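Architecture at a glance
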Amino acid sequence: MSESAPAIFEERKDQIARVGEGSFALACNRDSLAGAVSQRACVFCGSRVVLYPIADALHLVHGPIGCAAYTWDIRGALSSGPELHRLSFSTDLQELDVIFGGEKKLAASLDELIPVHRPKAAFVYSTCIVGLIGDDLAAVCKAASERHGIPVIPVQSEGFKGNKREGYLAACKAMATLVGTGGIVGIPKISVNILGDFNLAGETWIIKDYFERLGIAVVAGVTGDGRVDDLRRAHGAGLNLVQCSGATMDLAKIMQEKYGTPFLKVSWIGIEDVAESLYAVAGHFKDLDPTLPARTAELVREELAALMPRLKELRRDLEGRKAAVYVGGAFKAFSLIKAFRHLGMQVAIVGSQTGTEEDYRELAAICDPGTIVVDDANPLELSAFLKEKDVDVFVGGVKERPIAHKLGVGFCDHNHERKIALEGFVGMLNFAREIHASVMSPVWRFVPRREKREERP
Ligand code: SF4
């Protein structure tokens, strides 16, 4: 750390690095430091993020009402059909349940909810207190499943049992119990499952449209615009496409082992990454359809011809500006660094909640010297880094927005509260427009931090 760097908790120092200052090393994938107020969510939230876009399932949070605060309204995944996932259910455990156990209340909740909402399946999330009092979630779910004739799936996501990645694993294990239980007759060989996209603002539909144009069938959105029956037959797809590898890679690995389904890591953000992902899919199926690579190249050409001139216009104002990126999964950070380069902007701070050692090494390799790389940050650190680097815009999620606005920094929500799709080629244009609108807003001239700074020519 340089002399001018802010004070950082001693225990956090090895989770922060600056590119170009000695050999790069970053500690990560460890439990958050108690008291540091991590930006990261708990294990339960990790599971909830992955599973709740499954739109025809019932999602029941077994725990105190506070755990259920993370609702569709915070991260609104879109559905083209049923919208049961928009409702949040909780067993609302109280003191007496904690003393005498919550199993009866859970069984009663399932008995009340399933006949009313007729879900295709129910996911029951375990929370901290359930882990502490030792309710037998699996037994209650099994009995409810037999009573109601639908899969009632326990999600072992006790908040305290690790970090958010544990929640991803619990979600993947829960989904894996559905995969393989449906018929796969009629699924063509050239077919994919879209993993790790959550269709927050219609992104899954953009990617699906590319595949439709290329004649590639999409079997299941995992979990964007997700359906229980699609998951049941997902093992019939020829290929799994894994974006946000932290969240859904475990399911891809389970499916590879159990059903031999190969997977590719992809990203649907930016320009190069979207094109490379489409080319990789075309390459995978080229023996089955030798015309696919050429048709994919044509699609990419068409999209870029529409996109590039418009990006060029926006870039004129943005050239030389600085950005900070703090996101859940590291894949997004990679793609955003590249996306900002297309806008002539430099990413001066980059971090994620759940990156791995390999992710951070690769991130550092594409960052400019001096870039701060941070794992599992907290508001204190992020505020200090934003001030130090004097960035023009911060890209993050719902918890990062107030940090940016309090400091008088433009903000782009790339996660929770977003209503405009930021994936695919059209998503790159939407992203560029949003960054342009935030950075160029005249309001930033009047924040105290900027008033002291010399006006740009
Ligand atoms: S599961 Fe635990 S850590 Fe997560 S929201 Fe509930 S009480 Fe908080």
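Calculation criteria
Residues numbered from 1 in each chain as written. Predicted model: local features only at pLDDT ≥ 70, side-chain atom pairs only at ≥ 80, totals over all residues. Near = placed C-beta within 6 Å. Nonpolar A, V, L, I, M, F, W, Y, C, P; charged D, E, K, R; others polar. Helix = DSSP H or I, 4+ residues; strand = E, 2+ residues; numbered from the N terminus. Buried ≥ 20, exposed ≤ 12 C-beta atoms within 10 Å, placed from the backbone. Contact = placed C-beta atoms within 7 Å. Expected span 1.5 Å × (residues − 1). Pairing = 2+ DSSP bridges. Domains from an automatic or database assignment. Axes fitted to C-alpha atoms, helices over the stretch in contact; angles between N-to-C directions.

1. Quick notes on the site of the ligand
- Taken together, the residues surrounding the ligand are Cys42, Phe44, Gly63, Cys67, Thr127, Cys128 and Gly159.
- Tallied by class, residues from the shell around the ligand come to 4 nonpolar, 3 polar and no charged.

2. Points about the environment of isoleucine 153
- Structurally, isoleucine 153 can be placed in strand β5 (residues 152-155).
- Judged by the 24 C-beta atoms lying within 10 Å of it, isoleucine 153 is buried.
- Along the sequence, isoleucine 153 and threonine 177 sit 24 residues apart, while their C-alpha atoms lie 7.9 Å from each other.
- Apart from residues no more than four positions distant in its own chain, isoleucine 153 is found in contact with Ala121, Ala122, Phe123, Val124, Cys141, Ala174 and Thr177.

3. Observations regarding helix α12 (residues 330-342)
- With 13 residues, α12 should cover 18 Å at 1.5 Å per step; its first-to-last C-alpha distance of 19 Å lies within 8% of that length.
- Here α12 lies mainly inside the structure; 11 of its 13 residues are buried.
- The set of residues buried in α12 consists of Ala330, Phe331, Lys332, Ala333, Phe334, Ser335, Leu336, Ile337, Ala339, Phe340 and His342.
- Immediately downstream of α12, the backbone of glycine 344 shows phi near 75°, a positive value.

4. Some words on the pairing of strand β2 (residues 57-62)
- By the criterion of burial, β2 is predominantly enclosed, with 6 of the 6 residues buried.
- As paired strands, β2 and strand β4 (residues 121-126) are joined by 6 bridges and run parallel to one another. Following the sheet pairing, histidine 62 is matched in β4 by serine 126.
- Bridge analysis of β2 against strand β3 (residues 89-90) gives 2 bridges, and the strand direction is parallel. Across the sheet, the residue bridging to valine 61 is serine 90, located in β3.

5. Details of the domain arrangement of the protein
- For the protein, the assigned domains are domain 1 (10-30 + 315-451), domain 2 (43-176) and domain 3 (191-302).
- For domain 1 versus domain 3, the separation of C-alpha centres amounts to 27 Å.
- Between domain 1 and domain 3, the residue contacts involve 21 residues of the former and 20 residues of the latter.
- For the side of domain 1 that touches domain 3, the secondary-structure elements that each account for two or more residues are α12 and α16 (424-439).
- Residue composition of the side of domain 1 that touches domain 3, by class: 10 nonpolar, 6 polar and 5 charged.

6. Overview of the sheet that holds strand β13 (residues 393-396)
- Read from one edge of the open sheet, 6 strands run β1-β12-β11-β10-β13-β14, paired in mixed fashion. In this open sheet, the two strands that pair with only one neighbour each are β1 (16-18) and β14 (410-413). Recorded for the sheet is a direction-independent mean angle of 15° between the axes of neighbouring strands.
- Here strand β11 (residues 346-352) pairs with strand β12 (residues 372-375) via 4 bridges, running parallel. From the neighbouring strand, glycine 351 faces β12, where its bridge partner is valine 374.

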